[in-house]
Amino acid sequence: MLRRSISKSIRLAASRPAASLHASRAFTRASYTQKSASLIAASRSFSAVPNDALSKPDVSKFFRPVEVTPTGVAIVRLDGPKAMNTISFEFSAAAKEMWSTEIAPRNDVKSVVFISAKKDNFIAGADIQDIKNMEDKTKLLPIIEDGIEFFKDMKSKKIPMVCAINGPALGGGLEWALWCDYRVCSDSSKTKMGLPEVKLGLLPGFGGTQNLFPLIGVQGAMDMMLTGKDIRPAKAKKMGLVDLVVSEHQLESSAIRAAEDLANGDIKVKIPRKPKSWMAWGIEDTPPGQSKMWETINKMVMKNTNGVYPAPFAIIECVKEGLKSSDMDARYKFEREKFAELAATNESASLIGIFDGMTALKKHSFGEPKNETKNVAVLGAGLMGAGIAQISAEKGYRVLLKDKTEDGLAKGEQYINGNWDKKLKRKTMTMHKHNQNTANIVPLSDNTESWKQHFSQADLVIEAVFEDIDLKHRVVKEIEDVTPDHCVFATNTSAIPIADIAKASKRPDQLVGMHYFSPVPQMPLLEIIPHAGTSDLTTAAAYNVGTKQGKTCIAVKDVPGFYVNRCLGPFLVEVSALAKDGAGLELLDKAMLNFGMPVGPVTLADEVGIDVSNKVASFLSNADLGVRMEGGDISLMGEMVEKGWLGRKTGQGFYTYDGKKKTISAEVKQYAADFATRDLGLTEEDVQNRIVSRFVNEAVMCLQDEIIADPVNGDIGLIFGTGFAPFRGGPFRYLDTYGIEKYVAMMNGFAEKMGPQFEPCQLLKDMAASGKKFHGPNSASGL
């Protein structure tokens, strides 16, 4: 936790030099992607509607009629037209109208309770299109200011306000709650609170940066805002974010009772809620402590973002401003100005584009399967199969996990239970859920007499056996003999054409590729690969299962490498070409880290495995990419495989690994020096442009060849599959921002100097000539 890291760092400062301060990862460069509910909540559109936009707000569309109890508690029930309460311009106007007509003029109202009329959410966030559609972001300033004035108007009645939270209260939803005097939340597993604006390149714009830290302390507030993490009920109570945690059925009555007690003076609230320890006081409230705190926080942000995301630094500036100024109006003005600045950045536009893409990819056009998938069978209990089984069980599927041997099965179960035990320890999973997940897995081996009987109930089978076509053919035949006629067979191959595997099937229309990425529980992408004979309903079944597993799915054509690995092929070849041209291993990694990738190409090869990287590059070199796989020498990795330098898993790859420490040995340095044939004196920018141009050109080629459906699939695929710099929005948004005509000119220059492997594909040339972009109105994506 950031808060704990800051405190520990300050304590260490007394005995160690500042350079030795260490910090936990507040957030990773590639993690701005995953939870769509959090991303929705991060958008900011709570505000008054411009006067000419809506003439008469429809209060009933968003609020139930206000009830006033005999003791003077006004109960305001939020009930928007969608399944989730969200904040929009129209909602904002209705809220102002509701307050001014039903609360403000009534003398019999002594206190207010805000509660949702919906069963499972308070306010999940706002409509992100409000910001996206406003071309001139400076126009956000008066809108946000009007929103702040609304909250101040509520406070001016000088009656206690209580917020009753069940389900998500995120972004603007939590900011609403922070304007209240008292917060009660349910202990439901769906209840969570957070300010995830940073995930969209923004900051809390309606007082969040100013109202949170006085309540829970600077360190806790920075932890929440810089990570965008969700806070669960028990933690919220412990840190003072909420005042009371009750069961769902007690939520309303408890909130009403708290409102009555506040109005009567029986409950008195203090800010901050929790008394500060002497250590927290020393860190947050003394000049030396604050100086060291901000130094530590800035180091954490730089370490984990490489300085390429402006939002964390803007959040820091807002809180600093809040600490030094007692003028609340000036503080809110500073906050909204920073918000408007962020909203106008390419980084925010890119992160919002990722959110739009994730939303779009939740839907598909393949229809709905005739049979609901309830029982998922997984063949192979290695790391891949065990990971697939884990995420399936967590989402409520009955999982038949089968391995050839009992030893292999035991290792798979150990891996799964180990992951769940870690969640228990971190308190991100309850023991009840742990037991429930464990009960969802049925362990089977060849020695289990009843395994065929179990498989007779399977709705979808996912094989994760070794990459051997003969083995996969035997598995297809064996499994189809024991599964029901409606059962879908999915292969997790990363390279073998799906059509080749389907040749062994008696139901080829029910066979499809489902390519997961390792480690499965962490990697968010799933490639769905139908072959030419796969039915749409089969594809739909795979897509639905993947989505329920928590994956973002993209449908990909059945070609060598599919999409992600196909793009990585030229990438890997160019890395070897740069090594031949004298680029050092450290330079290769540093250049791509500074571009915004989560790891450099040298580290990536070590993490994936030199043998695996070499296999992918060798396979694609013999596939259909032609000249696009030329220009380098993949024997760089082939010879390393012969030496047994397979990467982190063997302790030796490009780097030598000693626990968490990694270094480049003299032997590897000499190996790289011997591999080089010349020294071009390459700069960091040279390395970036050469690697990235090969990467993005192949992505556009995949669009040209209809391997992917559109630029949205292409952007999401490489961000979630390879960690392509999220703040750049993916390869297609990156090209739009850079300038396609300018990029084509750069690639043509490379082609003249270094060969045809750099020649831009025809679609890229056409886009440059037309002046069109991949994203935006009248573009290839329409987004």
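Keep in mind that what you see is a predicted model, and the values were worked out from it rather than measured. (Residues numbered from 1 in each chain as written. Predicted model: local features only at pLDDT ≥ 70, side-chain atom pairs only at ≥ 80, totals over all residues. Heavy atoms only, no water.)

Caption draft 1: Up close: the overall build of the protein. Scanning the protein from terminus to terminus reveals 34 helices and 20 strands. Expressed as a percentage of its 783 residues, the buried residues of the protein come to 57%. Accessible surface computed for the protein: about 32,100 Å², of which carbon and sulfur atoms make up 51%. With 97 positive and 94 negative side-chain charges, the protein shows a separation of 6 Å between the mean positions of the two kinds. (Helix = DSSP H or I, 4+ residues; strand = E, 2+ residues; numbered from the N terminus. Buried < 20%, exposed > 50% of the residue type's maximum accessible area, 1.4 Å probe, protein only. Areas by Shrake-Rupley, 256 points an atom, 1.4 Å probe, with all protein chains shown as cover. Lys, Arg positive; Asp, Glu negative; His and termini not counted. Charge placed at Lys NZ, Arg CZ, Asp CG, Glu CD.)

Caption draft 2: Just helix 31 (residues 711-722), in detail. An ideal rise of 1.5 Å per residue puts 16 Å on 12 residues; helix 31 measures up with 16 Å between its terminal C-alpha atoms. Of all 12 residues in helix 31, 12 are buried; the element is thus mostly enclosed. For helix 31, the full list of buried residues reads P711, V712, N713, G714, D715, I716, G717, L718, I719, F720, G721 and T722. Contacts from the buried residues of helix 31 go to helix 16 (346-360), strand 17 (525-530), strand 18 (552-555), helix 24 (564-580), helix 30 (684-704) and helix 32 (731-738). Between the side-chain oxygen at the start of helix 31 and the backbone nitrogen of V712 there is a gap of 3.1 Å, and the oxygen is on D710. (Expected span 1.5 Å × (residues − 1). Contact = heavy atoms within 4.5 Å. Polar contact = N/O pair within 3.5 Å; in protein donor to acceptor, adjacent residues only side chain to side chain.)

Caption draft 3: Spotlight on helix 9 (residues 218-227). Along helix 9, 10 of the 10 residues are buried, which leaves the element largely enclosed by surrounding structure. Regarding helix 9, the residues found buried are V218, Q219, G220, A221, M222, D223, M224, M225, L226 and T227. Looking one or two residues past helix 9, G228 carries a phi angle of roughly 70°, positive in sign.

Caption draft 4: Focus on the packing of aromatic side chains. Under the defined criterion, the tally for this structure stands at 25 aromatic pairs. Over the aromatic face of W451 sits the side chain of K402, whose NZ or CZ is 4.6 Å from the ring centroid. (Phe/Tyr/Trp six-rings, centres within 6.5 Å; stacked < 30°, edge-to-face > 60°. Lys NZ or Arg CZ within 6 Å of the ring centre and 35° of its normal.)

Caption draft 5: Just the environment of G72, in detail. In this structure, G72 sits in the loop between strand 1 (67-68) and strand 2 (73-78). Looking at G72, the relative accessible area reads 2%, which means it is buried. Sequence spacing of G72 and E260 is 188 residues, and the spatial spacing of their C-alpha atoms is 7.9 Å. Leave out the neighbours within four places in its chain, and G72 touches D108, V109, K110 and S111.

Caption draft 6: Spotlight on the side chain of K118. Looking at where K118 falls in the secondary structure, it is placed in the loop between strand 4 (111-116) and strand 5 (125-126). Relative accessible area serves as the criterion here: at 16%, K118 is assigned to the buried category. With residues up to four places along the chain from it excluded, the contact list for K118 reads L78, D79, G80, K82, A83, M84 and N85.

Caption draft 7: Examining the packing of helix 14 (residues 310-324) against helix 15 (residues 328-343) more closely. Close contact between helix 14 and helix 15 brings their axes to 9 Å; oriented N to C, the two are set at 170°. Considering their axes alone, helix 14 and helix 15 lie roughly antiparallel with respect to each other. Contact with helix 14, carried on its side by P310, A311, A314, E317, C318, E321 and G322, involves R331, F334, E335, K338 and L342 of helix 15 and no other residues of that element. In terms of residue class, the contact of helix 14 with helix 15 is built from six nonpolar, one polar and five charged. (Axes fitted to C-alpha atoms, helices over the stretch in contact; angles between N-to-C directions. Parallel < 35°, antiparallel > 145°, perpendicular 65-115°, else oblique. Nonpolar A, V, L, I, M, F, W, Y, C, P; charged D, E, K, R; others polar.)

Caption draft 8: Representation of the nonpolar core. Formed by 218 residues in total, the largest nonpolar core has its most connected members in F114, L241 and Y563. Here this core gets 10 residues from one element, more than from any other, and that element is helix 30. Among all residues touching F114, those that are not within four sequence positions of it are V76, L78, W99, F122, M154, M161, V162, C163, A164, W176 and C180. By size, the runner-up hydrophobic cluster in this structure holds 15 residues, among which are I115, V246, L251 and L262. (Core = buried A, V, L, I, M, F, W, Y, C linked by side-chain atoms within 4.5 Å.)

Caption draft 9: Region of interest: the sheet that holds strand 2. Taken in spatial order, the six strands make up an open sheet running 1-2-4-6-8-10, and their pairing is mixed. Each edge of the sheet is formed by a strand with only one pairing partner; in this case those strands are strand 1 and strand 10 (244-246). Pairing analysis gives three bridges linking strand 8 (residues 182-186) to strand 10, with the strands arranged parallel. Bridge pairing links C185 to V245 in strand 10. Sheet strands in contact with helix 11 (residues 251-264) are strand 2, strand 4, strand 6 (161-165), strand 8 and strand 10, and its direction is about 160° off that of strand 4. (Pairing = 2+ DSSP bridges.)

Caption draft 10: Molecular detail of the pairing of strand 16 (residues 511-516). Of all the six residues making up strand 16, six are buried; the element is thus mostly covered by neighbouring parts of the structure. Residues L511, G513 and H515 of strand 16 are buried on one face, and the alternating residues V512, M514 and Y516, pointing to the opposite face, are buried as well. Of the strand pairs in this sheet, strand 16 and strand 17 are connected by five bridges, and their pairing is antiparallel. What sits directly across from H515, in strand 17, is E527.

Caption draft 11: Region of interest: the pattern of salt bridges. Inspection of the entire model under this criterion finds 43 salt bridges. D356 serves as the salt-bridge partner of K132, at 2.5 Å between the closest nitrogen and oxygen. A residue pair is termed long-range when its members are at least 10 positions apart, and K132 in helix 4 (residues 129-132) and D356 in helix 16 qualify at 224 residues. Taking relative accessible area as the criterion, K132 reaches 29% and is therefore assigned partly exposed. Between K276 and D285 there is a salt bridge, with its nearest N and O atoms 3.1 Å apart. On the basis of relative accessible area, D285 is assigned to the partly exposed category, the value being 39%. One salt-bridge network, held together by shared partners, links E574, D581, R678, R690 and R694. (Salt bridge = Lys/Arg side-chain N within 4 Å of Asp/Glu carboxyl O.)

Caption draft 12: Expanded view of the pairing of strand 15 (residues 488-491). The two faces of strand 15 match: V488 and A490 on one face and F489 and T491 on the other face are all buried. When strand 14 (residues 460-463) meets strand 15, the two strands line up parallel, connected through four bridges. Paired with V461 across the strands is F489, a residue of strand 15. With helix 21 (residues 469-480) bridging strand 14 and its parallel neighbour strand 15, the resulting β-α-β unit is right-handed. (Right-handed = clockwise from strand over helix to strand, strands pointing away.)

Caption draft 13: Seen up close, the sheet that holds strand 14. Spatially, 13-12-11-14-15-16-17-18 is the arrangement adopted by the eight strands of the open sheet, whose pairing is mixed. Either end of the sheet is taken by a strand with one partner, and the two such strands are strand 13 (441-445) and strand 18. The mean angle between the axes of side-by-side strands here comes to 25°, regardless of whether they run parallel or antiparallel. As paired strands, strand 11 (residues 375-379) and strand 14 are joined by four bridges and run parallel to one another. Across the sheet, the residue bridging to V378 is I462, located in strand 14. Running over the sheet, helix 31 touches strand 17 and strand 18 and is turned about 130° from strand 18.

Caption draft 14: A look at the packing of helix 26 (residues 601-608) against helix 27 (residues 610-621). In contact at an axis separation of 5 Å, helix 26 and helix 27 are set at 105° when each is read in the N-to-C sense. Compared by their axis directions, helix 26 and helix 27 come out roughly perpendicular. Contact residues: helix 26 offers A605, D606 and V608, while helix 27 offers I610, V612 and S613. When its residues are assigned to classes, the contact of helix 26 with helix 27 shows four nonpolar, one polar and one charged.

Caption draft 15: Highlighting the confidence of the model for the protein. Chain-level pLDDT for the protein is 91 on average; 92% of the residues reach the 70-or-more range. Predicted confidence for residues 1-54 stays below pLDDT 50, and this span has 170 contacts to residues more than four positions away or in other chains. (pLDDT = per-residue confidence, 0-100.)

Caption draft 16: Representation of the environment of A699 in the model. Mapping A699 onto the fold places it in helix 30. C-alpha separation for the pair A699 and G357, spaced 342 residues apart in sequence, amounts to 16 Å. With sequence-adjacent residues up to four places away left out, A699 is seen in contact with Y563, C567, I708, L718, P731 and F732.

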